[in-house]
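Here is how the chains run, residue by residue.
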Amino acid sequence: MDTSLIDELKIIDTDTHVIEPPDLWTSRVSVKKWGDLVPHIKPDDDGNPAWYAGGNRMLGVAAAAMAGWKEYQPDHPLSLAEAERSAWDPVERLKRMDSDGIHAQVLYPNVAGFGGGNFTSVKEPALMLDLVRAYNDFLTDYAAVAPGRFVPISALPFWDIDAAVKEIERVVDAGHKGVIMTAGPQNWGQPMIEDPHWDRLWATAQEAGLPINFHIGSGDIGDYPRHPGGKHANSASLSCINFINNAQAIVRVICGGVCHRFPDLNIVSVESGVGWIPFILEALDWQWYNCGVPEEHPEYELSPREYFLRQVYGCFWFERETAMSAIEQLGARNFLYETDYPHPTSMSPGPASIATTPREYLKTALKDLPDETVRLLLQDNAARIYNLDLK
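Here is a short report on the structure shown in this document. Computed from a predicted structure; not experimentally measured.

About the criteria used
Residues numbered from 1 in each chain as written. Predicted model: local features only at pLDDT ≥ 70, side-chain atom pairs only at ≥ 80, totals over all residues. Heavy atoms only, no water. Axes fitted to C-alpha atoms, helices over the stretch in contact; angles between N-to-C directions. Helix = DSSP H or I, 4+ residues; strand = E, 2+ residues; numbered from the N terminus. Left-handed = near helix turned anticlockwise from the far one by under 90°. Contact = heavy atoms within 4.5 Å. Nonpolar A, V, L, I, M, F, W, Y, C, P; charged D, E, K, R; others polar. Pairing = 2+ DSSP bridges. Buried < 20%, exposed > 50% of the residue type's maximum accessible area, 1.4 Å probe, protein only. Salt bridge = Lys/Arg side-chain N within 4 Å of Asp/Glu carboxyl O. Parallel < 35°, antiparallel > 145°, perpendicular 65-115°, else oblique.

## Quick word on the packing of helix 7 (residues 231–255) against helix 9 (residues 277–290)
At their nearest, the axes of helix 7 and helix 9 sit 11 Å apart, and the two run at 35° to each other. Regarding helix 7 and helix 9, the two cross each other, and that crossing is right-handed. On helix 9, the residues that touch Ala 247, Val 251, Ile 254 and Cys 255 of helix 7 are Ile 280, Leu 284 and Trp 288. Looking at side-chain class alone, the contact of helix 7 with helix 9 contains seven nonpolar, no polar and no charged residues.

In structure tokens form, the structure reads like this:
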């Protein structure tokens with residue numbers, strides 16, 4: 001690769017998070033009607049600001065704003081004043097993006113949970129829907145600050161299939177470019193993602209041209225065991241478990257026939273890395289034929305690997321040898337670049353991070369790849385999937 005290409009491309013960062021402002025829901029949802037069930041910020045038992053819905057503590061207000069932070073995770077800034085302003089301020093964020101050489105960022109939530117499941121804690125269906133709609137409206141307003149540079153990904157009221165379908169139809173008109181879906185709806189009493197129950201949702205997204213995004217940790221992550229190794233070892237363990245858990249989403253949408261039934265639906269595994277994907281596909285191909293899937297499902301016309309190559313994608317950020325190996329084995333068409341800004345694993349150097357800047361990482365990690373491959377990984381694949389106009 002000609003390293004000057006990194007500065008010439010309109011790089012699309014396919015996984016970032018906006019730290020939600022304190023009035024996101026209280027300014028959009030009736031507090032008069034719902035009271036403290038509306039997500040709001042108040043001091044927790046330690047006196048630090050945190051998000052609450054009713055009496056349930058959801059998340060420290062700056063817990064996800066780790067970019068450049070001075071302490072190792074799970075320690076984090078306790079207030080927004082201690083965190084980088086670009087974690088929530090769109091104007092400052094654009095400055096940060098320009099500094100990092102990033103043209104556009106795909107936006108995901110924090111407080112809502114990575115699949116929207118946290119909204120269910122209020123136990124009021126009408127309010128749950130209001131909270132989803134309020135979050136999506138906030139994203140619409142945020143993206144309007146810099147059209148084309150912020151890429152909104154909608155939350156869904158997945159617990160109500162009719163409402164979820166209507167919300168997809170609503171947000172596509174507002175310019176949203178994808179939807180985030182939990183990979184573990186069974187954790188909230190719903191059918192698994194491969195169940196035909198979800199076919200109306202997949203069909204609506206396919207017709208709208210919106211990819212389905214499975215972000216890691218989109219199931220119920222509260223039950224993962226904590227080992228006695230200490231809080232930092234536990235944090236490292238939990239992160240890696242979450243990366244690999246997204247393999248379940250890939251396996252289920254392929255084996256459950258979702259890819260077969262919806263051949264034009266793009267599916268993205270977000271913040272999971274990509275080095276493990278060749279193994280999963282080789283193992284799934286082996287078991288596919290070893291277990292007689294073609295005999296059970298003669299309608300399945302492709303192998304797991306072929307379904308993946310047609311419509312499934314993975315995102316990489318810190319990987320070097322493993323990502324390059326995956327690209328060599330499967331080609332560049334199915335991989336996207338992300339930074340995970342401003343989360344603990346983000347490409348944000350700081351006193352307690354071994355990360356390099358996006359430019360430094362890309363110029364070294366991709367240096368042996370052809371220019372055409374680099375262009376696909378950093379720009380063209382994401383532009384195609386999210387329907388972005390880069391002119």
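Right, picking up where we left off after that structure.
## Quick word on the sheet that holds strand 7 (residues 178–180)
As a general point, the strands of a sheet are linked pairwise by backbone hydrogen bonds and lie either parallel or antiparallel. Pairing in this open sheet of eight strands is parallel, and the strands run 1-5-6-7-8-9-10-11 from one edge to the other. Lying at the two open borders of the sheet, with one neighbouring strand each, are strand 1 (12–17) and strand 11 (335–337). For this sheet, the mean inter-axis angle between neighbouring strands, taken without regard to orientation, is 30°.

## Section: the environment of Thr 204
Locating Thr 204 in the fold gives a position in helix 6 (residues 199–208). By relative accessible area, which is 12% here, Thr 204 ends up buried. Placed 61 residues apart in sequence, Thr 204 and Leu 265 show a C-alpha to C-alpha distance of 9.7 Å. Beyond its immediate sequence surroundings of up to four residues, Thr 204 is in contact with Val 165, Ile 168 and Glu 169.

## Thoughts on the pattern of salt bridges
Between side chains of opposite charge, pairing is possible as soon as their charged atoms come close. Per the stated rule, a full pass over the model turns up 17 salt bridges. Between Asp 7 and Arg 359 there is a salt bridge, with the nearest N and O atoms lying 2.8 Å from each other. Of the two residues, Asp 7 sits in helix 1 (residues 5–8) while Arg 359 sits in helix 13 (residues 358–365), which places them 352 residues apart along the sequence. Here Asp 7 falls in the partly exposed class, since its relative accessible area comes to 45%. A salt bridge links Arg 170 to Glu 167; its shortest N-O distance comes to 2.8 Å. Placement of both Arg 170 and Glu 167 in helix 5 (residues 161–173) is noted, with a separation of three residues, approximately one turn of the helix.

## Let's talk about helix 6
Within the span of helix 6, buried status applies to Asp 199, Leu 201, Trp 202, Thr 204 and Ala 205. If you follow the buried residues of helix 6, they end up packed against helix 5, strand 8 (212–215) and helix 8 (258–261). Looking at the residues trailing helix 6, positive phi occurs at Gly 209, about 75°.

## Details of the sheet that holds strand 2 (residues 40–43)
What the three strands build is an open sheet, ordered 2-3-4; its pairing is antiparallel. Edge positions in the open sheet fall to strand 2 and strand 4 (56–60), since each of these has one partner strand only. Strand-to-strand twist of the sheet, defined as the mean angle between neighbouring strand axes without regard to direction, takes the value 45°. Sheet analysis places strand 2 next to strand 3 (residues 49–53), joined by four bridges and oriented antiparallel. Looking at the pairing, His 40 lines up with Tyr 52 of strand 3.

## Structural notes on the packing of helix 4 (residues 125–144) against helix 5
Contact geometry of helix 4 with helix 5 gives a least axis separation of 12 Å together with a crossing angle of 20°. Taken together, the axes of helix 4 and helix 5 lie roughly parallel to each other. Our pair here, helix 4 against helix 5, has a crossing hand that is right-handed. Of the residues in helix 5, those in contact with Leu 129, Val 132, Arg 133, Asn 136 and Asp 137 of helix 4 are Ala 163, Glu 167, Arg 170 and Val 171. Taken together, the residues of the contact of helix 4 with helix 5 break down into four nonpolar, one polar and four charged.

## As for the pairing of strand 10 (residues 312–316)
Most of strand 10 sits inside the fold, with five of its five residues counted as buried. The side-chain alternation of strand 10 yields two buried faces, one formed by Val 312, Gly 314 and Phe 316 and the other by Tyr 313 and Cys 315. Of the strand pairs in this sheet, strand 9 (residues 267–270) and strand 10 are connected by three bridges, and their pairing is parallel. Paired with Val 268 across the two strands is Tyr 313, which belongs to strand 10. Where strand 10 meets strand 11, three bridges bridge the pair, whose relative direction is parallel. Residue Phe 316 lies in a different strand from strand 11, and its bridge partner there is Tyr 337.

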